Amino acid sequence: MSTHSTIAVVNKNGTVTQIYNHSDGYVSHTGNILKNHYNTFELASELVALGALSYIQPKLVADNEEHSFDDPVDGVCIAYHRDRGEPLETHTFFDYQIYSSVGNRNEYNYLFKPDGNWYVSRDLKSWAVIE
């Protein structure tokens, strides 16, 4: 059974872009990877630009190896669009208020805010900094 999550970034223009992450969405895996490997606005934005993920990992791309959905490189994110050829799936909301009202909710929801921190929530309303 998978633990689903969402990953979102508050963009510089105030919009919020959100993607789905299929597996291991709990804080000790996804939250830890976000905090330790995607801890700048640029890195968080690059991650979200991949679109929906099958599995988050510490690296966005493989160094010099072939990477695919069926034959992934260890430690590299597995993205449905890039690695399996599915349509790019992201959702962008006009602002935080709309995102928190109608954004997709899963067991865990992560948000990178302008203060440079990752937050986690169960309901898109009450957030805690990932320590």
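Use the structure listed above.
The structure reproduced in this document is the subject of the present report. (Residues numbered from 1 in each chain as written. Predicted model: local features only at pLDDT ≥ 70, side-chain atom pairs only at ≥ 80, totals over all residues. Heavy atoms only, no water.)

## Description of the pairing of strand S7 (residues 118-121)
Residues Trp118 and Val120 line one face of S7 and the alternating positions Tyr119 and Ser121 line the opposite face, and both faces are buried. Linking strand S6 (residues 108-112) to S7, which pair antiparallel, is a turn of 5 residues; within it Gly116 sits at a positive phi near 85°. Count of turn residues in the S7/strand S8 (residues 128-129) antiparallel hairpin: 6 residues, of which Leu124 carries a positive phi of about 65°. (Buried < 20%, exposed > 50% of the residue type's maximum accessible area, 1.4 Å probe, protein only. Helix = DSSP H or I, 4+ residues; strand = E, 2+ residues; numbered from the N terminus. Pairing = 2+ DSSP bridges.)

## Structural notes on the environment of Asn117
Structurally, Asn117 can be placed in the loop between S6 and S7. Among the residues examined, Asn117 registers a relative accessible area of 31% and is labelled partly exposed. With 85 residues separating them along the chain, Asn117 and Asn32 place their C-alpha atoms 12 Å apart. Filtering out sequence-adjacent residues up to four positions away, Asn117 remains in contact with Leu111, Phe112 and Val129. (Contact = heavy atoms within 4.5 Å.)

These figures capture arrangement, not role.
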